[in-house]
Amino acid sequence: MSTCKWSLLYCRVYKVVHYCDCTGHENDAEIYSAVGLLRPKAIFAHGTQLTDTALQLMAQKGAAIAHCPLSNMYFGDGLLDVCKTLRTGVRVGLGTDIAGGYSPSMLSAIRMAVVNSHAMKAAALMYGSQDKDQQALEQQQQPATQQQSSNSTNEVPKQQQAASGFNGFAASRVVEAISNPAVSAAAAAHMLTWQDALWLATAGGAAALGLQDKVGHFAVGMEFDALLVDTEIPAVFDSLEGADDPMLQLERFVNLGDDRNIVAVYVQGKQVV
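From a predicted model like this one, the values you see are computed outputs, not experimental measurements.

Scoring rules and cut-offs
- Residues numbered from 1 in each chain as written.
- Predicted model: local features only at pLDDT ≥ 70, side-chain atom pairs only at ≥ 80, totals over all residues.
- Heavy atoms only, no water.
- 1 Å grid on protein atoms, 1.4 Å probe; cavity = no way out; pocket = protein on both sides within 12 Å on 5 of 7 lines; lining within 4 Å.
- Points joined across faces, edges and corners; volume = space filled by probe spheres on them.
- Helix = DSSP H or I, 4+ residues; strand = E, 2+ residues; numbered from the N terminus.
- Nonpolar A, V, L, I, M, F, W, Y, C, P; charged D, E, K, R; others polar.
- Bend = angle between axes of the 7 residues up to and from the residue.
- Buried < 20%, exposed > 50% of the residue type's maximum accessible area, 1.4 Å probe, protein only.
- Phe/Tyr/Trp six-rings, centres within 6.5 Å; stacked < 30°, edge-to-face > 60°.

A. Layout of the layout of surface pockets. By volume, the largest pocket amounts to about 1400 Å³. Leu198, Ala201, Thr202, Gly216 and Asp225 are the residues nearest the centre of the largest pocket, which is lined by 43 residues in total. Listing elements by their share of the lining of the largest pocket, those giving two or more residues are β3 (91-94), α6 (106-127), α12 (194-208), β4 (226-229), α13 (246-256) and β5 (262-267). Considering each element in turn, the lining of the largest pocket owes the most residues, 9 residues, to α12. Residue composition of the lining of the largest pocket, grouped by class: 31 nonpolar, 10 polar and 2 charged.

B. Local environment of the environment of Arg252. Its location among the elements puts Arg252 in helix α13. In this structure, the C-alpha to C-alpha distance between Arg252 and Thr231, residues 21 residues apart in sequence, is 8.1 Å.

C. Expanded view of α12. Bending of α12 peaks at approximately 40 degrees at the position of Leu200. Most of α12 sits out of view: 12 of its 15 residues are buried. Here α12 has its buried residues at Trp194, Gln195, Asp196, Ala197, Trp199, Leu200, Ala203, Gly204, Gly205, Ala206, Ala207 and Ala208. At the exit of α12 stands Gly210, carrying a positive phi of roughly 75 degrees.

D. Structural context of the packing of aromatic side chains. Per the stated rule, a full pass over the model turns up 4 aromatic pairs. For the ring pair Tyr74 and Phe75, a centre distance of 5.3 Å and an interplane angle of 80 degrees mean the geometry is edge-to-face. Classification of Tyr74 as exposed rests on a relative accessible area of 51%. Ring pairs connect the aromatic residues Phe218, Phe224 and Tyr266, which therefore count as one cluster.

If you want it as structure tokens, here you go:
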């Protein structure tokens, strides 16, 4: 274990599943919990094979998951349902799996997190879903008179979202524009937008590390970790409308930018690049 003031436990969940039967535990999360490793500031990579029971145990113990969407897509071992994981109360940050794919860039990880969520939505539409969160979201499509009897069911995900610091604010606006109830429900249950993915890479990662009071967003008293970005490089940014809109500029950098746009890097208020 690390001797630092916080420790990082980086484990691939599929490496221990074979030990479940011989130890009497139902899943790998129980094994880690039994030996005291499932705890706050412990971060487990991927989490693509975790059961609902395991996720609930991780939320109870305060452990977090490093979501590595490009690596998951590249190796095909499974996909993490990020929205479901966050609704369960598990903290999620974004990672690259030490370049476990074709790119070590966090910008690529942000983009692939969105792709991963759309793949989860597509799978739900193609193969159906028995997930309770999915069923609850489908109930939200019913008339208001039918919703009254299921208010307690719908309130739980909202409470869990608040506990995790994630509210799916961006995806909810997309869902409102979808007329097909089945597609709308699947999107609400699984889909992330670039804003949500950026949250995973910043505030979500800080919370996963237990550093949410120090880093992850800009506020008075927080450590200044930042990128200085030049949106005029490459020139493709200039050919798009809305050049004066800061949010559009940020969206373009997240979706189109690369290291050429990064002019300077600041860590704890000091310029390091």
